[in-house]
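For reference, the chains in residue letters:
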Amino acid sequence: MTRTPEHTVIVAHQFENLEQQFDADLLGMWLFLVTEALLFSGAFLALAVYYHQYYDTFSAAARELHWLLAGANSVILLTSGLAVALAEQAADQGRRRAALLGLLATIALGLVFLAIKGYEYHSEYQAGLMPFLQQPFAYDGPNPHNAALFYNFYFVLTGLHAAHMIIGLAVLMVMAVLTWRWRDGARVARQVRIAGLYWAFVDIVWVLVYCSLYLVGR
Amino acid sequence: MIRDARTGPAPRHHYLNAGHGLASWFLTKDHKRIAWLYFVSITGFFFLGGLAATLIRLELITPNGDLLSSDAYNRLFSLHGIVMVWFFLIPSIPTTFGNFLLPLMVGARDLAFPRLNLLSWYVYIIGGLFTLIAAVAGGIDTGWTFYTPYSTLFANGAVLAAATGVFIVGFSSILTGINFIVTVHTMRAPGLTWFRLPLFVWAQYATSLVMVLATPVLSVTLVLLAVERVFGVGIFDPSLGGDPVLFEHLFWFYSHPAVYIMILPAMGVVSEVVSCFAHKRIFGYRVMAFSILAIALFGFLVWGHHMFVSGQSIYAGVAFSLLSFLVSVPSAIKIFNWLATLYKGRVRFDAPMLFAMSFLGLFLIGGLTGVFVATLALDVQMHDTYFVVAHFHYIMVGGAVSAYMAALHFWWPKITGRLYPEMWARVSAITVFAGFNLTFFPQYILGWAGMPRRYHAYVEDFQLLNVFSSAGASMLAVGYLLPLIYLLWSLRYGAHASANPWNARGLEWTVPSPPPEENFERPPRVEHEAYAYDTDA
Amino acid sequence: MNTPRPDRTPASATGRFVALYVVLLVLLAANLAGTLLPLGPWAIPARLAVAATMVAVIATTFMRLRQGTVLVRLVAVMSLLWILFLFVLTFADFLTR
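In the annotation of an unreviewed UniProt entry, chain C is listed under the name Caa(3)-type oxidase, subunit IV and assigned to Alloalcanivorax marinus.

Participant: What is the right way to look at the interface of chain A and chain C in this model?
Facilitator: Interfaces are often sized by the amount of accessible area the parts lose when they come together. Contacts between the two partners involve 51 residues from chain A and, on the opposite side, 45 residues from chain C. The contact between chain A and chain C buries some 4,400 Å² in all, and 76% of this surface belongs to carbon and sulfur atoms. Counting across the interface, chain A meets chain C through one salt bridge. Applying the counting rule to chain A against chain C returns six residue pairs in polar contact (both at pLDDT 80 or more). Broken down by secondary-structure element, the contributors of at least two residues to the side of chain A that touches chain C are helix 1 (18–53), helix 3 (67–92) and helix 6 (185–215) of chain A. By residue number, the principal contributor to the side of chain A that touches chain C is helix 1 of chain A, which donates 19 residues. Residues belonging to the side of chain A that touches chain C are distributed by class as follows: 32 nonpolar, twelve polar and seven charged.

Participant: Honestly, the packing of helix 2 (residues 31–59) of chain B against helix 14 (residues 386–416) of chain B in this entry has me stumped. Any pointers?
Facilitator: All names here are of chain B. Following both chains from N to C, one finds helix 2 and helix 14 inclined at 145°, their axes separated by 14 Å at the closest point. Crossing of helix 2 against helix 14: the hand is left-handed. Of helix 14, the residues touching helix 2 (which contributes W36, F39, I42, F46 and R57) are Y386, V401, Y404, L408, W412, I415 and T416. The residue makeup of the contact of helix 2 with helix 14, split by class, is ten nonpolar, one polar and one charged.

Participant: Please explain the nonpolar core as it appears in this structure.
Facilitator: It is characteristic of soluble globular proteins that their nonpolar side chains tend to be buried jointly. Core analysis: the biggest nonpolar cluster contains 292 residues, and W86(B), F97(B), F146(B), W338(B), F359(B) and W411(B) have the highest contact counts within it. No other element matches helix 9 (residues 244–277) of chain B, which puts 23 residues into this core. Two domains each provide a minimum of three residues to this core, namely domain 1 (11–66) and domain 2 (69–97) of chain C. Setting aside residues no more than four positions away along its own chain, W86(B) makes contact with P91(B), Y124(B), W144(B), F146(B), V166(B), V169(B), L218(B), F251(B) and Y254(B). Within the second largest apolar cluster, 13 residues are counted, among which are L60(B), F77(B), L446(B) and M451(B).

Participant: Before we go on, may I ask you to explain the domain arrangement of chain C in this structure?
Facilitator: Once the domains are mapped, chain C shows domain 1 (11–66) and domain 2 (69–97). Inter-centroid distance (C-alpha atoms) of domain 1 of chain C to domain 2 of chain C is 21 Å.

Participant: It is not clear to me how the UniProt feature "transmembrane region" (unreviewed entry) in chain C should be interpreted in this structure. Could you clarify?
Facilitator: Residues and elements named next belong to chain C. Mapped onto this numbering, the UniProt entry annotates "transmembrane region" (unreviewed entry) at residues 18–38, 44–63 and 70–92. Regarding residues 44–63, the helix share stands at 95% and the strand share at 0%, and the terminal C-alpha atoms are separated by 27 Å. This span, residues 70–92, is 100% helix and 0% strand, and a straight line between its end C-alpha atoms measures 32 Å.

Participant: Honestly, the side chain of T61(C) in this entry has me stumped. Any pointers?
Facilitator: Residues and elements named next belong to chain C. Here T61 shows up in helix 2 (residues 43–62). On the accessibility criterion, T61 (4% relative accessible area) is buried. Not counting chain neighbours up to four residues away, the residues in contact with T61 comprise F17 and L20.

Participant: Is there a simple way to think about the pattern of salt bridges in this case?
Facilitator: Any two side chains of opposite charge can pair, on the condition that their charged atoms come close. Applying the stated criterion to the full structure yields 15 salt bridges over all chains. Put simply, R426(B) and E422(B) hold a salt bridge, and the shortest N to O gap is 3.0 Å. Separated by four residues within a single helix, R426(B) and E422(B) lie in helix 15 (residues 422–448), roughly one turn from each other. Residue classification places R426(B) among the partly exposed residues on the basis of a relative accessible area of 31%. On the accessibility criterion, E422(B) (6% relative accessible area) is buried. A salt bridge links D93(C) to R97(C); its shortest N-O distance comes to 3.0 Å. Residue classification places D93(C) among the buried residues on the basis of a relative accessible area of 0%. Connected through shared salt-bridge partners, R6(B), R348(B), D350(B), E422(B) and R426(B) make up one network.

Participant: Can you walk me through the packing of aromatic side chains in this structure?
Facilitator: Under the criterion given, the structure shown has 78 aromatic pairs over all chains. For the ring pair Y51(A) and F58(A), a centre distance of 5.3 Å and an interplane angle of 75° mean the geometry is edge-to-face. The exposure class of Y51(A) is buried, given its relative accessible area of 7%. A centroid spacing of 6.5 Å and a plane angle of 90° characterise the contact between Y147(B) and F251(B), whose relative ring orientation is edge-to-face. One end of the pair, Y147(B), is in the loop between helix 5 (114–136) and helix 6 (150–154); the other, F251(B), is in helix 9, and 104 residues separate them in sequence. Classification of Y147(B) by relative accessible area gives partly exposed; the value is 25%.

Rules used throughout
- Residues numbered from 1 in each chain as written.
- Chains lettered and ligands numbered in written order.
- Predicted model: local features only at pLDDT ≥ 70, side-chain atom pairs only at ≥ 80, totals over all residues.
- Heavy atoms only, no water.
- Contact = heavy atoms within 4.5 Å.
- Buried area = accessible area lost by both parts, 1.4 Å probe.
- Salt bridge = Lys/Arg side-chain N within 4 Å of Asp/Glu carboxyl O.
- Polar contact = N/O pair within 3.5 Å; in protein donor to acceptor, adjacent residues only side chain to side chain.
- Helix = DSSP H or I, 4+ residues; strand = E, 2+ residues; numbered from the N terminus.
- Nonpolar A, V, L, I, M, F, W, Y, C, P; charged D, E, K, R; others polar.
- Axes fitted to C-alpha atoms, helices over the stretch in contact; angles between N-to-C directions.
- Left-handed = near helix turned anticlockwise from the far one by under 90°.
- Core = buried A, V, L, I, M, F, W, Y, C linked by side-chain atoms within 4.5 Å.
- Buried < 20%, exposed > 50% of the residue type's maximum accessible area, 1.4 Å probe, protein only.
- Domains from an automatic or database assignment.
- UniProt positions renumbered as here; feature names shortened; annotations may be inferred.
- Phe/Tyr/Trp six-rings, centres within 6.5 Å; stacked < 30°, edge-to-face > 60°.

Next up, the structure:
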C-alpha cells in the first residue's frame, strides 16, 4: 500500500502498488477496445465487399441519406469527444467541478446525437427506405434489391454504433455520479480516464461510419 | 523417485477451506475457486457433447438410418459440434488450468481482474443456458458452422437461441483473454523475465491473444446472422445480391484461429509434463516460445483453406493453401523439441506422461493429415468426407483432450491436495489411447474411400470400418468415465499430496498443496530460468 | 499518488485539445467539401484518407496514445494489423474471382 499525505490510497489486493493497478486497468481497456475495433471491422468488411460489387447502386442509394444532418451530428460527437477529454484532464488535476461539467456536457451532446439519429431513422421509415420487418420498400433508384442491401447495412452499422453510444452514455452517467461524490479524487480521475477511452472510441467509429455510409457514395 | 516423497501432511489453511457455503463459491473472486466453477461446468458439457457423440456412433453401426431419423441425426451432430467446440474445447484448458495456474506461475496473488474473472464464468453459464434451451427447444440442424443462407432463411430449428448462446460465450473468452494478457504483462514477480516464464504461460498468453483478436469477428458475424434471421435485414441473402461466401470468410476468420485456441494451451501443458517426466530442461526453450507465437500469428492467415470448394477464387485458394503449409513449420519444431527433450532423459511413465505421449503421437498424425487437406488439389477430393472428420478429431480429441487429461492428472495433487490412484489412471490413459485410435483411424480410411460426413446412412461397403469406429467409441467412453470415478474417489480417500509430488520445477510447486488463499506468503523472487531440472538430483 | 505518471496531462494540454478539435472540424469540413469536387477515381481514397487522419488525431490526442506506454501503442498497432489481415485476405478472394 502506498501512502500519500492526504489519505490512504486503496490498492486492490492482487496488486503491489497503484501504478501497477493503473497500468493493468489501462491495458485492459485498450485490449477491450481492440476487440471492439475487430467487431466493427467485420461489419465494415462486409460493407466494403458489397460496395466493391455494387458500387453504382450503393452510391445512388447513399445519396438518399441525410448527409448534412449526419454531418452536424459528427460535429456534435466530435465536440463531446473534446468535452470528455477536458473532463479527464480536469479530474486528473483535481478540479471536481470542471470535471463534472465536462462529463455532463458530454452526456448532453451524446443525447442530442441520439435524438437526431432517431429523427433520421424516423424520416427514412416514412420515406419507405427501411427494407425489413415487412416494410414496403419505396426506393425508386436503380436495382432496388441491391439498394436494399445498402440500407440494411446503413441500419445495422448505425444501429451497432448507437448501441455502443448507449453503453457509453450509461458508463459516463456512472462516472458523473462518482465525480459528483468525489470520494477519492485520484481514483475517480483514473476511472474517468478509462471511461473516456471508450467514448473516444465511439467517436472514432462514428467518423468511419459517417465516411463510409454517407460520403463515399457522393 | 521414492513413493513417500509424494505424500505429505495436509496444510491447515488453504483455499478450499478458506470459506464454506454456496456464497463462498458462487461469489468468490479467488482464481483457484473460479477454476473449480469452470471444472464442474465444462465437465458437464463434455459429457453432454459425449452423449450426442454416443448416439451418432450408435446410429452409424448399421448402414441404414434405423435408430435416428436423418433430421434427428442432423440435430445431434450440430449439438455435438456446438457443445464440444464452444463449451468444452475453447474454454477447457485456459479457464481451468490457466485460471488456476497462471497467477501461481507468474508469482501473483490473483489475476489482474478477479471480478471480471468471475463475471466471465457467469457469462459462460448464461451462454450455456441458451444453448441448452436451443437443444431442448428442438435443436438446430445447421451444423456448428451456421452457414447462411440455410441458417438465416430456411432452417426451422432454434437457430437464434443457439447463435445467442455462442455469441454470449464469446464474451466469456474475450474477458478471460484480456485478463490473462494483462496479468502476464503487469503482474510477473520480481526477476520473472519473459524468457524465464514457463512455456505453459507463453501458451496461455498466445491463446489469449487469439481469443481477443478473433472472437469479436465471430460476434459481429452472429449479430449479422441474427438480424437477418429475426428482422429480415438481408446481409448474406442471395436474393438481395448478398454473398454466402462472405459469411464463410467472416466465420472462418474466427473459427480457424479457434483451432489454435484449443491446441496452443495443450502444447503448453505438454511442454510442462514432458520436461518434468524426462527430468530435463526443455530443449530449445526460446524456439519453443517463438513457435507458440508463430502458430498464433500464422493461424490468422489460413482460414480460406476451409473454403476450397465454396466458390472462393482459385487464386485465393492457392494463397491460402501455401500459407497453410507455413503453420506446419513451427508445429514440427515443437514436436522435434519435445522429442529432443525426451532424448537421454530419465523418462518416467506416470499417467500424466502417458497422456502427454498420446498427445505427441496423435497430434503428429493429425498434423500430418492436416497437410493433406491443406493441399488445394487434394482437398477437393477430401473435403466434407470422414477424412476431415478424422483429421480434426486427431487434433482436438487426440491432441487437446489428451493434453487436458495430462494436465488434470499432473496438477490434480496441487489443485486438490490429494493423490489420484496411479494404476487406474494408467489404465484410463491406455484405454483412451487405444479407443481413440480404434474410433478415428478407420475414419481416415472411410474418408479416403469417399464416405461423406454428416449423413445418417451409408452404403454397405463402409459398414465394417464403421463398426470398428463405434466399438472404439465405447472404449473411449470407458476411458473418459473412469477418471470421473477415481478422481472423485480420491477427493475423499486419496493420500494427502506433498507440495511437489513430481519433483517438478516452477513456482506453483513451491507453495503447499492445496495452495493457501493468497498463493504466496510473500511475493516470490525468481532467480533462474524455467525447467531448471539439471540444478539438483 | 507519490509516483508521477508519464501520461499525466499537464495544464497546457487544454490548448492542444482545443487546437486539435479545430483540426478535426476542418478535416470534417474538407471531407464534406470534397464531395463537390470532381475527383473521379480519387474520390474514395481521398475521403477515406481524410477519415483515417481524423481517426489518427482522435487516437493520439483524445485517447492520449502519444503519451501512452510502448505496450499500449503496440496494442493499438496490433489491432490495425489484424484488421489489415481480415481485409487483405478476404479481398484476395473477391478481387480475383
